[in-house]
Number of protein chains: 2
Amino acid sequence: MGKDKGEGKSSFQLKVPKGTKDWEGKDMVIRDKIFTTITDVFKRHGAVTIDTPVFELKEILSGKYGEDSKLIYDLADQGGELCSLRYDLTVPFARWLAMNSQIQNIKRYHIAKVYRRDQPAMTKGRMREFYQCDFDIAGVYDPMLPDAEILRITCEIFHALGWDGRYTIKINHRKILDGIFQVCGVPQDKIRTISSAVDKLDKSPWDEVRREMTEDKGLDGEVADRIGEYVVRKGGQELLEQLQKDEKLSANESAKAGLDDMGLLFTYLKTFGVLQNISFDMSLARGLDYYTGVIYEVVTEGSQGKISVGQKKESKPKKTADADEDRSNDPSVGVGSVAAGGRYDNLVSMFSGKGQIPCVGISFGVDRIFSITKQRLAADASAAAIRTNEVDVFVMAFGGKGFDGLLPQRMEVAKRLWDAGIKAEFSWKVKPKLPQQFKAAETNGVPFALILGEEELAAGQCKIKEMGLPEGHPEKDGILIDMSKLEDEVKARVSKLNTPTLVEKVEGLSLDDAAEQASKAS
Amino acid sequence: MGKDKGEGKSSFQLKVPKGTKDWEGKDMVIRDKIFTTITDVFKRHGAVTIDTPVFELKEILSGKYGEDSKLIYDLADQGGELCSLRYDLTVPFARWLAMNSQIQNIKRYHIAKVYRRDQPAMTKGRMREFYQCDFDIAGVYDPMLPDAEILRITCEIFHALGWDGRYTIKINHRKILDGIFQVCGVPQDKIRTISSAVDKLDKSPWDEVRREMTEDKGLDGEVADRIGEYVVRKGGQELLEQLQKDEKLSANESAKAGLDDMGLLFTYLKTFGVLQNISFDMSLARGLDYYTGVIYEVVTEGSQGKISVGQKKESKPKKTADADEDRSNDPSVGVGSVAAGGRYDNLVSMFSGKGQIPCVGISFGVDRIFSITKQRLAADASAAAIRTNEVDVFVMAFGGKGFDGLLPQRMEVAKRLWDAGIKAEFSWKVKPKLPQQFKAAETNGVPFALILGEEELAAGQCKIKEMGLPEGHPEKDGILIDMSKLEDEVKARVSKLNTPTLVEKVEGLSLDDAAEQASKAS
């Protein structure tokens, strides 16, 4: 803490910390729409939400993230407890379950920011502060039923986002992987590190992964070759059937248990009507230590960076001078997976020390989903019309020579509209000019102008004008309404308006090549 | 950072950091309702939202909070930039305006957590991590129009929360205060510290404040007495008129400007129909340095702790052994103000160094508003029925001897309901017992049971039963519907249900003596 440069006010850089950003304007509208879409699906399945602190006691996070622990942000020691910013929403959830032992089952969602001191690639949604959208099911149930519902929920979400046919859920099972490693002859103490090597098959060819296993990790070449026969395979139910017929594998207790789970899962996913989005991918291993059963990862076009054959997977950022550098322009960096998760049956007991609560969950990478959606919108001309505020009526005044601005009258009308729950604005000028008032309404895409004039007011009337009507439309210049019926007249028009609000335009988004564009973005 | 106890997994305390809490269950539902209520009002006035990072560069926060700067949380120096957790949402907003100089005016709201290493009093909503709901207007406008709208918005929010008649908006003006100090003869370099002393009049009697001015701060007794004649006064428009007739005050440039502003403000507040909630309180000074014009604070019963006459105002927590102690049981600690703000015309230029953007805003203390609302609900029996999830249909199965649980059928029906956007659950058991299924539905207050039986399914039917119908009701045992019309039949019943969802029950909440209860809560 010795580097504090004091209270100097003029010499500092005007910026946000590296790897973070401000969200504003249309980006906020699009991101909120993504949150709402996801939350609606969670609620459709009976989920409730909880909110945990942004920082946890440092000890709570210790020993949960393997070598990624170095990416945890710590708070300064200012006396009192040592704390760290949360790294994900899963460990805080497990801590919460352990602290609330009266809760034996729950479906919970949590949408909140998490923090990782990783090398950023901002335009690809890889940031140091980013949102996660988590859904987890805790509790003892019959096998694979919660697991199947999580994958059903995942498909409902990507359907609601308009991604049908444009994403793949890769699934695998930790017990199958462990069984394969045992059957192939991997020593018990090398299983986790060999598993990590396998996980790189989405970015590196088998030859490179084999080299890492044998040269870097000292695995016997024949053992590696045996592994290679399994882990390069991917497919659907037919792959599962092949493995079930594999006598060596079926004789292994771990593999057998995993294959039984997968059999049930496939049956349930078929009933749920989502099998077409699933790929049984034996190379999927997932980095985190705490998974114990089925694991999955959702990828889309652009998830993967462009790597030439033989090139190594990007290594984890090291503490070098340019670890802070943004990698948005690095073509080898993709958006990454847009959702991932799995079953973790032992994590809660790491905190409680006693009762297990089996859990299964998924985390949606909202910022990555946002990046892809944004690219899609950028290509769509209608997106230019996304409104950032929701005002329905702009209250204006108009008059000839000696016009005093009708400020009290505009305020009184705005008050009446607000009292009726109508979204309304007026110009904060005592004597605004009419063109300026129209311009303010147009800039924000306000659909109606309510125009006050001295003569009309004297006759107990004012004019309402729908903005943007074409030339020649009979109401192009607006029509007079009675001030005594102001609220009803305005409400009737606003409710009839029924042009889709521009927020709704985002709804039907499909992906096209947006993911790839996001991956290319510079 | 030398105190890290390493990766020991079994010896740590299972808790959240002091001054923070987990939010769950009904509390989350109530808090979300408060957020929605406030956000709806902001949007009614044309506000947009922005989202800034949880931490800022340390330099950005330096020199903005006076002596409260010691309450700022710093991040550990792990290499790279020095950062601090945000202390409020105002400074990040000003930083954002300075960085986005193309934006010359905006109405923005921001609902997010802020961080203060203060002494907590959890049940009174005084926490180290807490939510603020900010609304600010930036831009050059005619005098007092945005200021008046902020106060109108404040009244709309407390009206929507059901607090009519139970809160007071204290207002004052920095320029009037400064004018009074000048007129009374306070030396220029003592104005800020004397202003801080005046601010304590809400908790301490004049004698104590006078003693602080003269003994602690070395002010001449006669000067203090002259101040005393002004700052103990409070009232409405009549007080303003008295001050406008005060020749000494009117001759002071600063006081004159402040009085002119207040005159306009009262006119506008009258037009907006909110004057009944306003108290012109000359003792209100507000702690922060950056206010330049009108200032305000919203108080309610219970805002103030119980202080016996002559007792000193609670001093700011010092770095002593028990600065971490929760003060919920300390009767001298009240909930505090539930909203506060003012005009700050120079803050943005502290960052940009060039163009000023005048701003005015208010911050709602949501956690304090929550504490009061929660106490109110605790006294209300109907609150017991607040639902935490929103499921409308529980899909069940029932059968006699040899019953196989109808799992695929239950899944298929749930899938159809989800596809139709209906919120539905089913038991994750292969062969669940009927009483268990009913119990699960009842626990969550699910309004409809959809009961599948082999015979009914064979006839293309299933039974729908509204839960909780009284004995003797003709549909008490449910009625049969055609499976071919499943979605329509369910939707028709759900939409007719129209018992207010229990989320809506919170809507009409009024306060009663809830604030006082919150203040007493232990």
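Fair warning: this is a prediction, and the values are worked out from it, not measured in the lab.

A closer look at the relation of the copies chain A and chain B
Between chain A and chain B, the superposition needs a rotation of 180 degrees and an axial shift of 0.0 Å, giving an RMSD of 0.1 Å. Such a combination of rotation and displacement between the chain copies is what one expects of a two-fold axis.

Comments concerning the interface of chain A and chain B
Tallying the contact residues gives 105 residues for chain A and 105 residues for chain B. Around 9,500 Å² of area is buried between chain A and chain B when both sides are counted, 59% of it from carbon and sulfur atoms. Summed over the shared surface of chain A and chain B, the result is 14 salt bridges. For B:K113, the salt bridge goes to A:D51, with nearest N and O atoms at 2.9 Å. Taken together, the connections running from chain A to chain B amount to 42 residue pairs in polar contact (both at pLDDT 80 or more). Looking at which element gives the most residues to the side of chain A that touches chain B, the answer is helix α14 (residues 407-419) of chain A, with seven residues. Split by residue class, the side of chain A that touches chain B holds 46 nonpolar, 19 polar and 40 charged.

Quick look at the sheet that holds strand β4 (residues 106-115) of chain B
Residues and elements named next belong to chain B. Here nine strands make up an open sheet; going across it, the order is β1-β4-β5-β11-β10-β9-β6-β8-β7 and the pairing mixed. Strands with a single pairing partner mark the edges of an open sheet, and in this sheet they are β1 (48-49) and β7 (234-235). Relative to strand β8 (residues 278-281), strand β6 (residues 167-173) runs parallel, the two sharing three bridges. Among the inter-strand pairings, K170 is bridged to a residue of β8, identified as S279.

Looking at the nonpolar core
Core analysis: the largest hydrophobic core is formed by 110 residues, its most contacted members being A:L417, A:F426, A:L450, B:F158, B:M213, B:I227 and B:F364. Counting residues in each nonpolar core, the second largest holds 109 residues, with A:F364, B:V393, B:V413 and B:C462 among its members.

Some points on the UniProt feature "binding site: L-histidine" (unreviewed entry) in chain A
Residue and element names in this part refer to chain A. UniProt tags D88, L89, T90, R116, Q132, D136, R286, Y290 and Y291 as "binding site: L-histidine" (unreviewed entry). Take R116: it is sitting in the loop between β4 (106-115) and β5 (129-138). Apart from residues no more than four positions distant in its own chain, R116 is found in contact with L71, Y73, Y87, D88, R128, F130 and Q132. Tracing the sequence through the fold places D136 in strand β5. Every residue in contact with D136, bar those within four places of it in the chain, is listed here: F93, I106, K107, R108, Y344, V360, G361 and I362. A distance of 2.8 Å separates the side chain of D136 from the side chain of R108, its partner in a polar contact.

Brief notes about the sheet that holds strand β14 (residues 448-452) of chain A
Residue and element names in this part refer to chain A. With mixed pairing, the five strands of this open sheet are ordered in space as β13-β12-β14-β15-β16. Because the sheet does not close on itself, it has two edges, and the strands there are β13 (424-426) and β16 (479-482). Each adjacent strand pair in this sheet contributes to an overall mean axis angle of 30 degrees, direction not counted. In this structure, strand β12 (residues 393-397) lies alongside β13, joined through three bridges in parallel fashion. For F394, the partnering residue across the bridge sits in β13 and is E425. Across the sheet, α14 lies against β12, β13 and β14, angled at about 170 degrees from β13, the strand it touches most.

Remarks on the packing of helix α1 (residues 25-44) of chain A against helix α4 (residues 145-160) of chain A
Residues and elements named next belong to chain A. It is at 9 Å that the axes of α1 and α4 come closest, and there the two elements cross at 145 degrees. Of the two elements, α1 crosses α4, and the hand of that crossing is right-handed. The residues of α4 that touch α1, namely those facing T37, I38, V41, F42 and R44, are I153, E156, I157 and A160. Residues of the contact of α1 with α4, tallied by class, amount to six nonpolar, one polar and two charged.

Remarks on the environment of A:K433
Residues and elements named next belong to chain A. Among the structural elements, K433 can be located in the loop between β13 and α15 (434-443). On the basis of relative accessibility, which here comes to 56%, the residue K433 falls in the exposed class. With 37 residues separating them in the primary sequence, K433 and M396 have C-alpha atoms 9.2 Å apart.

Remarks on helix α6 (residues 191-198) of chain A
Residue and element names in this part refer to chain A. Within α6, the full set of buried residues consists of I191, I194, S195, A197 and V198. Angular distribution of buried residues about the axis of α6 spans 160 degrees; they occupy a single face of the element. Where the residues of α6 are buried, they touch α5 (174-184), α7 (206-216) and α8 (221-231).

Section: the side chain of A:H110
Residues and elements named next belong to chain A. Its place among the elements puts H110 in strand β4. Judged by relative accessible area, H110 falls into the buried class, the value being 3%. Ignoring any residue separated from it by four or fewer positions in sequence, one finds H110 in contact with T49, I50, D51, T52, R86, L89, Q132, C133 and D134.

With respect to the pattern of salt bridges
If you walk through the whole model with that rule in mind, you get 64 salt bridges over all chains. The partner of B:R95 in a salt bridge is A:D22, and the shortest N-O contact between them spans 2.6 Å. Of this pair, B:R95 sits in helix α3 (residues 90-99) while A:D22 sits in the segment before α1, which puts the two residues in different chains. Accessibility classification places B:R95 together with A:D22 in one group, the buried group. What you see here is one network of salt bridges that share partners, running through A:R44, A:R152, A:E156, B:K415 and B:D419.

Focus on the pairing of strand β15 (residues 461-466) of chain B
Successive residues of a regular strand alternate their side chains across the two faces of the sheet. Residues and elements named next belong to chain B. Looking at chain direction, strand β14 (residues 448-452) and β15 are connected through four bridges and run antiparallel. Within β15, the position partnered with I451 by the bridge is K463. By the bridge criterion, four bridges tie β15 to strand β16 (residues 479-482) in an arrangement that is antiparallel. Bridge pairing in β16 places K463 opposite L480.

With respect to helix α5 (residues 174-184) of chain B
Residue and element names in this part refer to chain B. Taking burial as the measure, the 11 residues of α5 include eight buried ones, the bulk of the element. Taken together, the buried positions of α5 are occupied by R174, I176, L177, D178, G179, I180, F181 and C184. G185 sits one or two positions beyond α5 and adopts a positive phi of about 95 degrees.

Describing the packing of α5(B) against helix α6 (residues 191-198) of chain B
Residues and elements named next belong to chain B. Where α5 meets α6, the closest approach of the two axes is 11 Å, and the angle between their N-to-C directions is 110 degrees. In terms of orientation, α5 and α6 fall into the roughly perpendicular class. For α5 against α6, the interelement crossing comes out right-handed. Touching R174, L177, D178, F181 and Q182 of α5 are I191, R192, I194, S195 and V198, all from α6.

Quick word on the pairing of β8(B)
Residue and element names in this part refer to chain B. Here β8 shows a buried face lined by I278 and F280 and a second buried face lined by S279 and D281. When β7 meets β8, the two strands line up antiparallel, connected through two bridges. Note on β8: the bridge partner recorded for K234 is D281.

What about the environment of B:L75?
One can find B:L75 in the loop between α2 (58-61) and β3 (83-85). Residue class for B:L75 comes out buried when judged on its relative accessible area of 3%.

Here's the deal with the side chain of B:E129
Structurally, the position occupied by B:E129 is in strand β5 (residues 129-138). A polar contact is formed between the side chain of B:E129 and the side chain of B:Y115, at a distance of 2.9 Å. The contact partners of B:E129, leaving out residues within four places of it in the chain, are A:T52, A:P53, A:V54, B:G19, B:T20, B:K113, B:V114 and B:Y115.

Side note on unusual backbone geometry
Positive phi is not limited to glycine here, since A:M144 has a value of about 70 degrees. You will see that A:L406, though not glycine, has its phi angle at about 50 degrees, which is positive.

Comments concerning the environment of B:W428
Here B:W428 shows up in the loop between β13 (424-426) and α15 (434-443). Sequence-wise, B:W428 and B:M411 are 17 residues apart; in three dimensions their C-alpha atoms are separated by 9.7 Å. Residue contacts for B:W428: discarding those within four places in its chain leaves A:K107, A:I137, A:Y141, A:D142, A:L145, A:P146 and A:E149. For B:W428, the side chain forms a polar contact with the side chain of A:E149, separated by 2.9 Å.

Looking at the confidence of the model for chain A
Residues and elements named next belong to chain A. Per-residue pLDDT for chain A has a mean of 86; in total, 85% of the residues score no lower than 70. The least confident element of chain A, judged by mean pLDDT, is helix α18 (residues 502-505) at 40; the most confident is strand β3 (residues 83-85) at 98. Long-range and interchain partners of residues 1-10, a stretch whose pLDDT sits below 50, account for 16 contacts in this model, where long-range means more than four residues apart. The model gives residues 306-322 a pLDDT under 50, and that stretch makes 29 contacts with residues more than four places away or in other chains.

Procedures and definitions
- Residues numbered from 1 in each chain as written.
- Chains lettered and ligands numbered in written order.
- Predicted model: local features only at pLDDT ≥ 70, side-chain atom pairs only at ≥ 80, totals over all residues.
- Heavy atoms only, no water.
- Least-squares fit on C-alpha atoms with pLDDT ≥ 70 in both.
- Contact = heavy atoms within 4.5 Å.
- Buried area = accessible area lost by both parts, 1.4 Å probe.
- Salt bridge = Lys/Arg side-chain N within 4 Å of Asp/Glu carboxyl O.
- Polar contact = N/O pair within 3.5 Å; in protein donor to acceptor, adjacent residues only side chain to side chain.
- Helix = DSSP H or I, 4+ residues; strand = E, 2+ residues; numbered from the N terminus.
- Nonpolar A, V, L, I, M, F, W, Y, C, P; charged D, E, K, R; others polar.
- Pairing = 2+ DSSP bridges.
- Core = buried A, V, L, I, M, F, W, Y, C linked by side-chain atoms within 4.5 Å.
- Buried < 20%, exposed > 50% of the residue type's maximum accessible area, 1.4 Å probe, protein only.
- UniProt positions renumbered as here; feature names shortened; annotations may be inferred.
- Axes fitted to C-alpha atoms, helices over the stretch in contact; angles between N-to-C directions.
- Left-handed = near helix turned anticlockwise from the far one by under 90°.
- Arc of directions from axis to C-beta.
- Parallel < 35°, antiparallel > 145°, perpendicular 65-115°, else oblique.
- pLDDT = per-residue confidence, 0-100.

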